[in-house]
Amino acid sequence: MFCGMEKPRFDQAESTDRPWTDQMPDQALLNLLPTNAETAGLPALTVPQEEGSPPEYPLELYRLYLANRGDIALTLEGQSMTLKKGQLLTLSPGEVVAFSEGQTLISLSFHHDFFCVRVQRDEVYCDGVVFNRLSGLPVVAFPETEHTIVEGRFHEMISILSNPSPFSHDRALNVLRALLLHAADYKSRATAAELHEAGKTKHLSPLVLQFQHLVEETFAQRKEATFYSEALGVTLSKLNRRVKDELGKSVMQAVNERLAIEARVALRSGKRSIKEVAFDLGFIDPLYFSRFFRKQFGRPPSQYFQSPVQNEA
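Keep in mind that what you see is a predicted model, and the values were worked out from it rather than measured. (Residues numbered from 1 in each chain as written. Predicted model: local features only at pLDDT ≥ 70, side-chain atom pairs only at ≥ 80, totals over all residues. Heavy atoms only, no water.)

### Some details on the overall build of the protein
Then step 1. Counting secondary structure elements, the protein contains eight helices and ten strands.
Then step 2. For the protein, buried positions account for 48% of its 313 residues.
Then step 3. In the protein, the proportion of contacts linking residues at least 24 apart, taken out of those at least 6 apart, comes to 66%.
Then step 4. Roughly 15,200 Å² of accessible area belongs to the protein as shown, and the carbon and sulfur atoms make up 50% of that amount. (Helix = DSSP H or I, 4+ residues; strand = E, 2+ residues; numbered from the N terminus. Buried < 20%, exposed > 50% of the residue type's maximum accessible area, 1.4 Å probe, protein only. Contact = heavy atoms within 4.5 Å. Areas by Shrake-Rupley, 256 points an atom, 1.4 Å probe, with all protein chains shown as cover.)

Now the structure itself:
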């Protein structure tokens, strides 16, 4: 994070000689370059200078697309869908999207080392809510009264990167944090409303809260459902029933989802091989880990991130 006398670096050129920028033919990309070498040649933050056809951001980045002018036709992971006006598409690293020709929207991308969004992080709770969801579409629907506010955050980001200063890095970080918190708020509200309509409990019981805490502490070491029931002093059938009633999933589904999210978070940086990540998460056999990953995300880990380090596995 930028502080002190060092100034952040910017790039506003339209050249295509940088491997990490997929330039659009009709507009430039504003890039906030990293202040360290951890982003592997990728920009810390990228915003198109003007709204228009969405750029082909590198898959290693988080990407946000806002349908600010009207409905947008697109294909997400091979499935056709429509992003309604005012909706925000929130893509995690590895998720593939293709837009129909002639679509106009505003967007941005960022590297996880610039804004590291972690599962159940105290400061910003976005992984599993806004990003890295294992179920449901990665779309946030804002009420019409919020559309101007959300769009304004994108335009503020463009203004910050268009006029670089020693404070630009921190300003951009704060705008991105506000945007993601805004998205997490309304995504959580929508999820709560869906659970309420389905007749599920909105407020978690002490038992389920203890279960969630235990999963967070032990998911990489303990993958047996009986471990959780015995640790909590209840029968497995009772724990499964309570978790199913309140979270909409079984004990093992909850553990596997947490494990899968951590796997994708660990793989996205490309700093560790698939084998190393598998061992760190308690998988003795990397092939079993690959099958587990494919079952959760529809593709093996080798097809999510194509860095040289990961292809060693």
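Now that the structure has been shown, the text picks up again.
### Looking at the packing of aromatic side chains
Then step 1. For the coordinates displayed, the defined rule picks out twelve aromatic pairs.
Then step 2. When the centroid spacing of 5.0 Å and the interplanar angle of 15° are considered together, the rings of Y62 and F110 count as stacked. Here F110 lies in strand β9 (residues 106–110) and Y62 lies in strand β4 (residues 62–66), a separation of 48 residues in the sequence. One exposure class covers both Y62 and F110, and it is buried. (Phe/Tyr/Trp six-rings, centres within 6.5 Å; stacked < 30°, edge-to-face > 60°.)

### Concerning the packing of helix α6 (residues 251–267) against helix α8 (residues 286–297)
Then step 1. Following both chains from N to C, one finds α6 and α8 inclined at 105°, their axes separated by 10 Å at the closest point. What the angle tells us is that α6 and α8 run roughly perpendicular. In this structure, α6 uses N256, L259, A260, A263, R264 and L267 to contact α8, whose residues at the interface are F289, F292, F293, Q296 and F297.
Then step 2. Grouping the constituent residues of the contact of α6 with α8 by class yields eight nonpolar, two polar and one charged. (Axes fitted to C-alpha atoms, helices over the stretch in contact; angles between N-to-C directions. Parallel < 35°, antiparallel > 145°, perpendicular 65-115°, else oblique. Nonpolar A, V, L, I, M, F, W, Y, C, P; charged D, E, K, R; others polar.)

### A closer look at the packing of helix α3 (residues 206–218) against helix α4 (residues 225–232)
Then step 1. At a minimum axis distance of 11 Å, the contact between α3 and α4 shows a crossing angle of 125°. The angle between α3 and α4 falls in the class oblique. When you trace α3 past α4, the crossing you get is right-handed. Residue-level inspection shows L207, Q210, F211, L214, V215 and T218 of α3 in contact with α4, the latter providing F227, Y228, A231 and L232.
Then step 2. Split by residue class, the contact of α3 with α4 holds eight nonpolar, two polar and no charged. (Left-handed = near helix turned anticlockwise from the far one by under 90°.)

### Quick notes on the pattern of salt bridges
Proximity of charged atoms lets side chains of opposite charge pair with each other.
Then step 1. For the structure on display, the rule yields eight salt bridges.
Then step 2. Connected through shared salt-bridge partners, E216, R258 and E262 make up one network. (Salt bridge = Lys/Arg side-chain N within 4 Å of Asp/Glu carboxyl O.)

### Remarks on empty space enclosed by the protein
Then step 1. Evaluation of the coordinates by the stated rule reveals two cavities of 30 Å³ or more.
Then step 2. If you add up the space inside the second largest cavity, you get close to 40 Å³.
Then step 3. Forming the walls of the second largest cavity are V47, P48, E50, E51, L105, I106, S107, F154 and I158.
Then step 4. Contributing elements (two or more residues each) for the lining of the second largest cavity: β3 (45–48), β9 and α1 (147–162).
Then step 5. Along the lines of polarity and charge, the residues of the lining of the second largest cavity split into six nonpolar, one polar and two charged. (1 Å grid on protein atoms, 1.4 Å probe; cavity = no way out; pocket = protein on both sides within 12 Å on 5 of 7 lines; lining within 4 Å. Points joined across faces, edges and corners; volume = space filled by probe spheres on them.)

### Notes on the nonpolar core
Then step 1. Counting residues in hydrophobic clusters, the biggest one holds 34 residues, and the most contacted among them are L45, L64, L108, F110 and F114.
Then step 2. Elements that contribute at least two residues to this core include exactly β2 (29–33), β3, β4, β9, α1 and α2 (168–197).
Then step 3. A per-element tally of this core places α2 first, with nine residues.
Then step 4. Core analysis: the second largest hydrophobic core is formed by 30 residues, L239, A254, F289 and F292 among them. (Core = buried A, V, L, I, M, F, W, Y, C linked by side-chain atoms within 4.5 Å.)

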